[in-house]
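Observations on the three-dimensional arrangement
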Amino acid sequence: MNSKTILVSGGAGFIGANFVLYMLKKHPQYKIICVDALTYAGNLKTLSPVMENPNFSFFKLDITDRKGIFELFQSTKPDIVVNFAAESHVDRSIKDPEIFLKTNILGTQVLMDASREFQVERFHQISTDEVYGDLPLDKPELLFTEKTPIHTSSPYSASKAAADLLVLAYHRTFNLPVTISRCSNNYGPYHFPEKLIPLMIVNALADKALPVYGDGLNIRDWLYVEDHCLAVDLIIHHGVVGEVYNVGGNNEVSNIDIVKIILKELQKPESLIRYVKDRAGHDRRYAIDPTKIHNDLGFLPQTQFKDGIKKTIAWYLENRAWWEDILKGDYQNYFQEMYQEI
Ligand code: NAD
Ligand code: TDX
């Protein structure tokens, strides 16, 4: 089997770290180089099981640091680059957009410039279904395909869409061998407790109020994080250069239903639910049409939501130290500022 060196940026975050762990297990002959600035969302504890693995190395580095990134490419000579690094939380992008533009757009540009200079065989951009904007609740037959026009709502999604356009421009102009995946909402272990599912789990465990934005009827299409890793693994090995692949779970659930499922599983009362002011520009519904990645690459999600959500809740129960440490830090200020109503 061929060995490859894969540079994973943002590999100390939720999906990136799951991908690092997945790849080291699935391809034990590969070298994985993780680059992460360790922002509030990055956590080296997540990577502690592989820190001693001789095929794994970690570099604390900002992807906007051109000199540092070029030096790293020079010394590690990656075959493939997978860019997970991003500011990822919509609510934070509403409070302060600037860092989203810097990391998500300029950081992607730096990684692509280095990928050109060192002639990587593939640059894969981790994008999101949010670049397509939203769908109405009353037309359930409408789904996002790869041909759906880009139409963004938040500074976060606009920054991800700008990066996607830049990636496609680098392909057309410079012939950079790129692929892009646009995935729906992920859930699973190591998810930072600012996002809906982990926030509701940790609040419910502490008998704290569960803040539901607006009427709670917004819909997301949930995919277990390991299935996202599987999809990216398929794309970097078998995907066609220049192509975009939507990745989804065919699993649309409203926010309020998610919250109720979590409360039921934890045997906590629905009286913990608090309806709070809606998110500005709140997207109503996301739903991915995964036909292309299924037909072209044989992708099928392996974990059904009813099992995945149970596994996720069990993980948070068994790994309290991981998230309790997070709650002790700056998170408290964030939570107080963001959720003044509760
Ligand atoms: P996350 O916020 O948990 O992790 C992001 C990681 O990137 C962190 O480890 C952080 O330290 C690192 N990072 C941030 N800025 C950096 C910089 N300038 N230089 C180097 N590292 C930096 O995010 P996530 O949920 O794991 O998302 C990963 C990627 O997947 C993002 O690109 C996001 O847009 C995309 N995505 C996420 C979801 C989802 O449901 N979470 C769905 C679709 C796509
Ligand atoms: O406290 C909350 N209450 C609430 O009702 C939070 C944090 C969220 N919500 C709602 C807003 C959304 O409708 O839950 C839904 C999910 O919210 P998030 O977890 O913030 O995710 P979302 O905005 O859908 O974006 C996620 O999926 C796409 C990721 O954070 C993005 O990085 C990814 O691109």
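To keep things clear, this report deals only with the structure shown in the data block.

On to the layout of surface pockets. By volume, the second largest pocket is sized at about 340 Å³. Forming the walls of the second largest pocket are 14 residues, and the residues nearest its centre are Tyr213, Lys277, Asp278, Arg279 and Met338. Looking at the lining of the second largest pocket, the elements with two or more residues in it are α3 (90-95) and α12 (331-338). Take the lining of the second largest pocket: its biggest share by element is three residues, from α3.

What follows is about the pattern of salt bridges. Scanning the model with the defined rule gives 17 salt bridges in all. The salt bridge partner of Asp325 is Lys45, with a shortest N-O separation of 2.7 Å. Pair noted here: Asp325 is in helix α11 (residues 320-328) and Lys45 is in the loop between β2 (31-36) and β3 (56-60), with a separation of 280 residues, a long-range link. Exposure remark for Lys45: the relative accessible area of 44% places this residue in the partly exposed category. Here Glu243 makes a salt bridge to Lys292, at a shortest N to O gap of 2.5 Å. With Glu243 in the loop between α7 (225-238) and β11 (244-247) and Lys292 in helix α9 (residues 291-297), the pair connects residues that are 49 residues apart, well separated along the chain. Accessibility expressed as a relative area gives 19% for Lys292, which makes it buried. Linked by salt bridges that have partners in common, Lys45, Asp325 and Lys328 make up one network.

Turning to the side chain of Ser93, a few remarks are in order. Relative to the elements of secondary structure, Ser93 occurs in helix α3. You can call Ser93 buried: its relative accessible area is 0%. Sequence-distant contacts of Ser93, that is, excluding residues within four places in its chain, are made with Phe100, Ser154, Pro155 and Tyr156.

Around ligand 2 sit 22 residues in total, of which Glu130, Tyr156, Arg279, His282 and Tyr339 are the nearest. At a separation of 2.6 Å, an oxygen atom of ligand 2 approaches a polar side-chain atom of Tyr156. For ligand 2, an oxygen atom lies 2.6 Å from a polar atom in the side chain of His282. Bound to the protein, ligand 2 loses 94% of the 660 Å² it would expose on its own. For the shell around ligand 2, the elements supplying multiple residues, two or more each, are α6 (196-205) and β8 (210-213). Of the residues that constitute the shell around ligand 2, the class distribution is ten nonpolar, seven polar and five charged.

Further remarks concern the site of ligand 1. As a matter of local geometry, ligand 1 sits amid 28 residues, with Ile15, Asp36, Ser88, Tyr156 and Lys160 nearest to it. A distance of 3.0 Å separates an oxygen atom of ligand 1 from a polar atom in the backbone of Thr39. One of the side-chain N or O atoms of Tyr156 is found 2.6 Å from an oxygen atom in ligand 1. Notes on ligand 1: free accessible area 830 Å², of which the protein chains cover 97%. Sorting the residues of the shell around ligand 1 by element identifies α1 (14-26), β5 (122-128) and α5 (155-174) as the ones contributing at least two each.

What counts as what
Residues numbered from 1 in each chain as written. Chains lettered and ligands numbered in written order. Predicted model: local features only at pLDDT ≥ 70, side-chain atom pairs only at ≥ 80, totals over all residues. Heavy atoms only, no water. 1 Å grid on protein atoms, 1.4 Å probe; cavity = no way out; pocket = protein on both sides within 12 Å on 5 of 7 lines; lining within 4 Å. Points joined across faces, edges and corners; volume = space filled by probe spheres on them. Helix = DSSP H or I, 4+ residues; strand = E, 2+ residues; numbered from the N terminus. Salt bridge = Lys/Arg side-chain N within 4 Å of Asp/Glu carboxyl O. Buried < 20%, exposed > 50% of the residue type's maximum accessible area, 1.4 Å probe, protein only. Contact = heavy atoms within 4.5 Å. Near = heavy atom within 4 Å. Polar contact = N/O pair within 3.5 Å; in protein donor to acceptor, adjacent residues only side chain to side chain. Areas by Shrake-Rupley, 256 points an atom, 1.4 Å probe, with all protein chains shown as cover. Nonpolar A, V, L, I, M, F, W, Y, C, P; charged D, E, K, R; others polar.

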